[in-house]
Amino acid sequence: MTGQTAKIASRCECGSMAVRQVNQFILHDELWWDSEFSCGSCGTYLCEHAGPGPAPDDVRGALLAAHGSARLRLAGSVPGLVPALKVFREVSAASLSRARELVGELSHDGLVGTLPEMEFLKARLRMRGVPVDVER
C-alpha cells in the first residue's frame, strides 16, 4: 500500500496545542485520505474524515511539505489519446478540454502531486495501456 502521513500542529478548543495527523493512501483501488485530531492535554480525539476522494488543499499541502512531490511521466509512446483521456475523466471528472491539458502535461514535463496521487494515476493509466512511471 502506498501511503503518506504528515502531522500538523493545531490549537484545541481547550487552548492547548494539539496534533492533526493527515494521511493519503490507496485502498481497494481508490485514492483515500483521512484526518485525525488529538489533544494530549484534554484527551480530545476526533476522526475528522476518512474516505475516498481527492484530499483538500491543506492535507495535500502538509503531505507535500513533509515528503516532497512525485512526478508522473510517460515512459514510452502513447498508443492514442483516448485511453489517457478516459482515465483523467474517470478519476477527476475533468472536462474533455481539461483532460487533454492533463495528457499534454503528462507528455511534456509530467504531472506533479503527492506520491499516493501519482501512484494511483500510474496504476489507472497502466491498466489502459499507457506507459508511465513515477519519479520521486
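Check the entry above for the structure.
What counts as what
Residues numbered from 1 in each chain as written. Predicted model: local features only at pLDDT ≥ 70, side-chain atom pairs only at ≥ 80, totals over all residues. Heavy atoms only, no water. Core = buried A, V, L, I, M, F, W, Y, C linked by side-chain atoms within 4.5 Å. Buried < 20%, exposed > 50% of the residue type's maximum accessible area, 1.4 Å probe, protein only. Helix = DSSP H or I, 4+ residues; strand = E, 2+ residues; numbered from the N terminus. Contact = heavy atoms within 4.5 Å. Arc of directions from axis to C-beta. Pairing = 2+ DSSP bridges. Axes fitted to C-alpha atoms, helices over the stretch in contact; angles between N-to-C directions. Parallel < 35°, antiparallel > 145°, perpendicular 65-115°, else oblique. Left-handed = near helix turned anticlockwise from the far one by under 90°. Nonpolar A, V, L, I, M, F, W, Y, C, P; charged D, E, K, R; others polar. Salt bridge = Lys/Arg side-chain N within 4 Å of Asp/Glu carboxyl O.

Trainee: Just checking my understanding: could you explain the nonpolar core for this structure?
Mentor: Across soluble globular proteins, you tend to see nonpolar side chains buried next to one another. In terms of nonpolar packing, the biggest core is built from 18 residues, with Leu72, Phe88, Leu106, Leu111, Leu121 and Leu125 touching the most fellow members. Elements with a contribution of two residues or more to this core: β5 (70-74), α2 (81-92), α3 (96-107) and α4 (115-127). Aside from chain neighbours lying at most four places away, what touches Leu121 is Leu72, Val87, Phe88, Val91 and Leu111. Listed in part, the 7 residues of the second largest apolar core include Ala6, Trp33, Ala55 and Val59.

Trainee: Looking at this model, I keep getting lost on helix α1 (residues 57-67). Mind explaining?
Mentor: Along an α-helix, residues three or four apart share an orientation, since each turn contains 3.6 residues. Buried residues of α1: Val59, Ala62 and Leu63, and no others. Take α1 and look down its axis: the buried residues cluster within an arc of 95°, on one side only. In α1, the exposed positions angled more than 90 degrees off the buried face are occupied by Asp57 and Ala65. In this fold, the buried residues of α1 make contact with β1 (3-11), β2 (17-27) and β3 (30-38). Once α1 finishes, Gly68 follows within two positions and takes phi at roughly 80°, a positive value.

Trainee: Would you mind showing me how to read the sheet that holds strand β7 (residues 132-135) here?
Mentor: By way of backbone hydrogen bonds, the strands of a sheet pair with one another, either parallel or antiparallel. Reading across from one edge, β6-β5-β7 is the order of the 3 strands in this open sheet, with antiparallel pairing throughout. Strands with a single pairing partner mark the edges of an open sheet, and in this sheet they are β6 (111-113) and β7. Averaged over all pairs of adjacent strands, the angle between their axes in this sheet comes to 25°, without regard to strand direction. Where β5 and β6 come together, 3 bridges link them in antiparallel fashion. Among the inter-strand pairings, Leu72 is bridged to a residue of β6, identified as Leu111.

Trainee: Explanation requested: the packing of α2 against α4 in the structure shown.
Mentor: How two helices sit against one another is set out by the angle between their axes and by the gap between those axes. The interhelical angle for the contact between α2 and α4, taken along N-to-C directions, is 135°, at an axis separation of 9 Å. Taken as axis vectors, α2 and α4 run oblique relative to one another. For the pair α2 and α4, the crossing hand works out as right-handed. Packed against α2, whose contacting residues are Ala84, Val87, Phe88 and Val91, the element α4 presents Phe120, Leu121, Arg124 and Leu125 at the interface. A per-class count over the contact of α2 with α4 returns 7 nonpolar, no polar and 1 charged.

Trainee: Looking at this structure, how should I read the pattern of salt bridges?
Mentor: A pair can form between side chains of opposite charge whenever their charged atoms are brought close. Tallied over the full model, the rule gives 9 salt bridges. Between Arg20 and Asp58 there is a salt bridge, with its nearest N and O atoms 2.6 Å apart. Of this pair, Arg20 sits in strand β2 while Asp58 sits in helix α1, and the two are 38 residues apart along the sequence. Among the ionic pairs, Lys122 bridges to Glu119, the shortest N-O distance being 3.1 Å. Of this pair, Lys122 and Glu119 both sit in helix α4, 3 residues apart, which is roughly one turn of that helix. The burial state of Lys122 is the same as that of Glu119; both residues are buried.

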